[in-house]
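# Coordinates in review
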Amino acid sequence: LVDRNRRDISSFSKQLTLGTGFNYKIGSGFSVNLKFRYQHQAVKQQNLYDADSYFARNLINQFTQADGTRVVPLGGIKDGQNSEIIGHNGRIQLDYTRQWSMDHQLVALAGAEVSQNTLSRDIGYRLYGYRADNGTYLTNIDYSKQYAMRPNGASLIPATPFEERFTVDRFISYFANATYLLNRTHGISGSIRWDASNLFGVKTNQRGVPLWSIGLSEQLLPLWKDHAIWLDKLTLRTTYGYSGNVNNTISAYPSMRISSINLTTGLPYAKLTSAGNPNLRWEKLTTLNVGLDFSVLQQRISGSVD
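The present account deals with the structure reproduced in this document. In this text, all values refer to a predicted model and were calculated from it rather than measured experimentally.

## Section: the overall build of the chain
- The secondary structure content of the chain amounts to two helices and 16 strands.
- By the compact-globule yardstick of 19 Å for 306 residues, the chain is too spread out, its C-alpha radius of gyration being 30 Å.
- For the chain, the proportion of its 306 residues judged to be buried stands at 26%.
- Considering only intrachain contacts with a sequence separation of at least 6, the fraction spanning at least 24 residues in the chain is 65%.
- Total accessible area computed for the chain in this model is approximately 20,200 Å², and 56% of it derives from carbon and sulfur atoms.
- Taking the 32 positively charged and 23 negatively charged side chains of the chain as two groups, their mean positions are separated by 3 Å.

Here it is, written out as structure tokens:
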């Protein structure tokens, strides 16, 4: 419990979101919608072990040489890393609404959406002999030399325990949706979309997946209005369809991690982290839903059960 208070883990985040939209009514029930969103997030993380923490004292003691020379200086140890996320999202959509008398109503839309998210994370840093009161630290540390350790063995002084990373995720979607209502009682809806991402496949036709859904609804109030005047709404609905899911930690391409120094040879080295799967596809999720919407006592109480 005492040692816990000798460690300070802090994260500072700044986020900016800007959005704009444009709507134009063409006529005859048609309208066009354009939307764009920009997001920028900057995150600064730091992990500070003060001079009295076990982590700092243990590392100093392990690298103290037989003649009493301290390779790792007295003081605290500070780790830090900065990351930045930038996102762009654009959407164009055509809406259509039409009603024939009081018996028929149609609401439909179709459009496309494109987005790009970039994550950049710097390599990070580690500061030895750090003093939080004035922000000073020791810079003349040799990370390429192996030193004798206590109680035995030899090792390099641990350098920055972070990695540099830059990833770009891109998505594009085409979609359409329509709902038809008959006599305000019987409803049918359907949707179809095609999503694609740069995370999948080495061929263009493997990067996308067609997804669809269909739904039915029935207003049951006419069957009950003569027996339950307190009932305002009673709608039974059911939907069935597919949605897509992604995992951006794996790739269709072989990937490797490159490290600066090997502890044995002192040379840079690379390690294969994934052999890659050229047949990697979207995960498809099947969903069946049955629900009931209701309201009673002139909409004083309403709810849904799914």
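## Thoughts on the pairing of strand β5 (residues 125–131)
- With five of seven residues buried, β5 is to be regarded as a mostly interior element.
- Across five bridges, the pairing between strand β3 (residues 76–100) and β5 is antiparallel. Within the sheet, the bridge partner assigned to D79 lies in β5 and is R126.
- The hairpin formed by β5 and strand β6 (residues 136–138) contains four residues between the paired strands, and G135 there has a positive phi angle of roughly 75°.

## A short note on the pattern of salt bridges
- According to the stated counting rule, one finds six salt bridges in the structure shown.
- Between R193 and D195 there is a salt bridge, with its nearest N and O atoms 3.0 Å apart.
- Classification of R193 as partly exposed rests on a relative accessible area of 31%.
- Linking R237 and D293 is a salt bridge whose minimum nitrogen-to-oxygen distance equals 2.8 Å. Remark: D293 occurs in strand β15 (residues 283–296) and R237 occurs in strand β12 (residues 231–245); sequence separation between them is 56 residues.
- The structure contains a network of salt bridges with shared partners spanning R237, D293 and D306.

## Notes on the nonpolar core
- Counting residues in each nonpolar core, the largest one holds 13 residues, and the members touching the most others are F63, V72, I77, Y128 and I157.
- Broken down by element, the residue count for this core peaks at three residues, all from helix α1 (residues 54–62).
- In contact with V72, other than residues within four places in its own chain, are L59, I60, F63, Y128 and I157.
- Counting residues in hydrophobic clusters, the runner-up holds seven residues, among them F200, V209, L211 and L280.

Procedures and definitions
- Residues numbered from 1 in each chain as written.
- Predicted model: local features only at pLDDT ≥ 70, side-chain atom pairs only at ≥ 80, totals over all residues.
- Heavy atoms only, no water.
- Helix = DSSP H or I, 4+ residues; strand = E, 2+ residues; numbered from the N terminus.
- Rg over C-alpha atoms; globule rule 2.2 N^0.38 Å.
- Buried < 20%, exposed > 50% of the residue type's maximum accessible area, 1.4 Å probe, protein only.
- Contact = heavy atoms within 4.5 Å.
- Areas by Shrake-Rupley, 256 points an atom, 1.4 Å probe, with all protein chains shown as cover.
- Lys, Arg positive; Asp, Glu negative; His and termini not counted.
- Charge placed at Lys NZ, Arg CZ, Asp CG, Glu CD.
- Pairing = 2+ DSSP bridges.
- Salt bridge = Lys/Arg side-chain N within 4 Å of Asp/Glu carboxyl O.
- Core = buried A, V, L, I, M, F, W, Y, C linked by side-chain atoms within 4.5 Å.

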